[in-house]
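Architecture at a glance
These are the residues of each chain, in order.
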Amino acid sequence: MSAAGVAGGPPVALVAGASSGIGAAVARRLAARGSAVALVGRREAELKEVAESIREAGGTALPFALDLAEPGAPADAVAATAAALGPVGLLVCSAGAIRLAAVHETEERHWERQVRVNLTVPFLLARAVLPGMRERGHGWIVNIGSGVGSEVVPGSGGYGVSKHAVHRLTELIHEENRDFGVRAVTVAPGWVSTRLAARPRDLGVPEEEVLDAEDIADTVAWLLDRPARMSVGPLVRVEPSASRAAAGDAMTRHLNRSRARGAGPAAEEKR
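So, here is what we can say about the structure in this document. In this text the structure is predicted, and so the values were computed from the model without any measurement.

Topic: the overall build of the protein chain
Looking only at helices and strands, the protein chain has seven helices and nine strands in total. Each principal axis of the C-alpha atoms in the protein chain carries an extent, and together these give about 55 × 40 × 35 Å. For the protein chain, with 271 residues in total, the buried portion stands at 50%. Within the protein chain, contacts between residues at least 6 apart in sequence are counted, and of these 71% link residues at least 24 apart. Carbon and sulfur atoms make up 52% of the accessible area of the protein chain, which totals about 11,900 Å². Placing the 31 positive and 31 negative side-chain charges of the protein chain at their respective mean positions leaves the two points 0 Å apart.

What follows is the structure, encoded as structure tokens:
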């Protein structure tokens, strides 16, 4: 077992959606802090690249190529991590699916996929790790939500609804486990420059006004450094300073732009 799994050392981390964007940035940051990190996601080649970058920097990382939306996959990911690295002491859920559309334009299969990936997968992962965390008396669950989950944004569809729900899921986990040494928090970013989001230049916004994945990794690291006596959240919003980089407005403009070009609802992407 890695030293990161020894009591009192940095916790073993499982990062869902670790192949790119926020998940990859958080995984690298956790490894730099001493955690052994399980990288979970669908894109095997990209997971291996992230793992190799962590190892080259002196960290410990293992890639597990799984579609967490498949039945049994979340439990398999937790079991594989425990067998290879030790029990999960830090869970980060960054996997995401998005397809922007008005409610009447949303296909059932797209709705179900977004709810499955954005809400049910974090629930199943949390359910798998919480008994061990409670028994050991410590643990962290960090869900990557969205500022859109705290607003009513026309066209956000299943994405907005599922992110709103994951915020409440985190609140429940926090209240049910705070007296067992387990802390849960949702980091809800605004517009972050990743493959999951609109490109700033397409909406006339300077790239430097939009958040990047490292900003979110910084936030997660800051949360983990809070003393045990301190509770932050369980919802922490991280937004760009510039009003024209507001996520809700950008999402609406992106959807309208897609419609004007005859592309229909914005295409689905996944971390």
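Description of the pattern of salt bridges
Should their charged atoms come close, side chains of opposite charge can pair. Summed over all chains, the structure comprises 13 salt bridges. Between Lys48 and Glu44 there is a salt bridge, and its shortest N-O distance comes to 3.5 Å. Highlighted residues: Lys48 and Glu44, both in helix α2 (residues 44–56), separated by four residues, approximately one helical turn. Overall, the relative accessible area of 46% leaves Lys48 in the partly exposed class. Note that Glu151 and Arg237 form a salt bridge whose closest N and O atoms lie 2.8 Å from each other. With Glu151 in the loop between β6 (139–144) and α5 (157–177) and Arg237 in strand β8 (residues 235–238), this residue pair connects regions lying 86 residues apart in the sequence. Owing to a relative accessible area of 35%, Glu151 belongs among the partly exposed residues under this scheme. What makes Arg237 partly exposed here is its relative accessible area of 36%.

Focus: the packing of helix α4 (residues 108–136) against α5
Running from N to C, α4 and α5 point in directions that differ by 15°, and their axes come no closer than 8 Å. With respect to their mutual orientation, α4 and α5 come out roughly parallel. Pair α4 / α5 crosses with right-handed handedness. The residues of α5 that touch α4, namely those facing Trp111, Gln114, Val115, Asn118, Leu119, Pro122, Phe123, Ala126, Leu130 and Arg134, are Gly157, Gly158, Tyr159, Val161, Ser162, Lys163, Ala165, Val166, Leu169, Ile173, Glu176 and Asn177. When grouped by side-chain class, the residues that make up the contact of α4 with α5 number 13 nonpolar, six polar and three charged.

A short note on the sheet that holds strand β4 (residues 88–93)
Strands sit in the order β3-β2-β1-β4-β6-β7-β8 across an open sheet of seven strands; the sheet is parallel. Edge strands, defined here as strands with exactly one partner in the open sheet, are β3 (60–65) and β8. Recorded for the sheet is a direction-independent mean angle of 20° between the axes of neighbouring strands. Alignment of strand β1 (residues 12–16) against β4, held across five bridges, turns out to be parallel. When the sheet's bridge partners are listed, Ala13 is paired in β4 with Leu90. Sheet strands touched by α2: β2 (36–41) and β3. Its angle to β3, the strand with the most contacts, is close to 175°. Across the sheet, α5 touches β6, β7 (182–189) and β8, and the angle it forms with β7 is around 160°.

Brief notes about the pairing of β7
Burial within β7 is extensive, with eight of its eight residues counted as buried. Here β7 shows two buried faces, one formed by Val182, Ala184, Thr186 and Ala188 and the other by Arg183, Val185, Val187 and Pro189. Two elements, β6 and β7, share six bridges in a ladder whose sense is parallel. Its bridge partner lying in β7, Gly139 is registered against Val182. In this view, the connection linking β6 to its parallel neighbour β7 by way of α5 has right-handed handedness.

Remarks on the side chain of Arg183
The residue Arg183 is located in strand β7 in this model. Of the side chains with opposite charge, Asp225 lies nearest to the buried Arg183, which makes no salt bridge, at 8.8 Å. Here Met230 takes part through its backbone oxygen, which lies 3.2 Å from a polar atom of the side chain of Arg183. Those residues in contact with Arg183 that sit more than four places away from it in its chain are Gly139, Trp140, Ile141, Arg226, Pro227, Ala228 and Met230.

Re the packing of aromatic side chains
With the rule as written, the count across this model stands at zero aromatic pairs. The ring of Phe180 has Arg134 sitting right over it, with the charged end atom 3.8 Å from the ring centre.

About the thresholds
Residues numbered from 1 in each chain as written. Predicted model: local features only at pLDDT ≥ 70, side-chain atom pairs only at ≥ 80, totals over all residues. Heavy atoms only, no water. Helix = DSSP H or I, 4+ residues; strand = E, 2+ residues; numbered from the N terminus. Buried < 20%, exposed > 50% of the residue type's maximum accessible area, 1.4 Å probe, protein only. Contact = heavy atoms within 4.5 Å. Areas by Shrake-Rupley, 256 points an atom, 1.4 Å probe, with all protein chains shown as cover. Lys, Arg positive; Asp, Glu negative; His and termini not counted. Charge placed at Lys NZ, Arg CZ, Asp CG, Glu CD. Salt bridge = Lys/Arg side-chain N within 4 Å of Asp/Glu carboxyl O. Axes fitted to C-alpha atoms, helices over the stretch in contact; angles between N-to-C directions. Parallel < 35°, antiparallel > 145°, perpendicular 65-115°, else oblique. Left-handed = near helix turned anticlockwise from the far one by under 90°. Nonpolar A, V, L, I, M, F, W, Y, C, P; charged D, E, K, R; others polar. Pairing = 2+ DSSP bridges. Right-handed = clockwise from strand over helix to strand, strands pointing away. Polar contact = N/O pair within 3.5 Å; in protein donor to acceptor, adjacent residues only side chain to side chain. Phe/Tyr/Trp six-rings, centres within 6.5 Å; stacked < 30°, edge-to-face > 60°. Lys NZ or Arg CZ within 6 Å of the ring centre and 35° of its normal.

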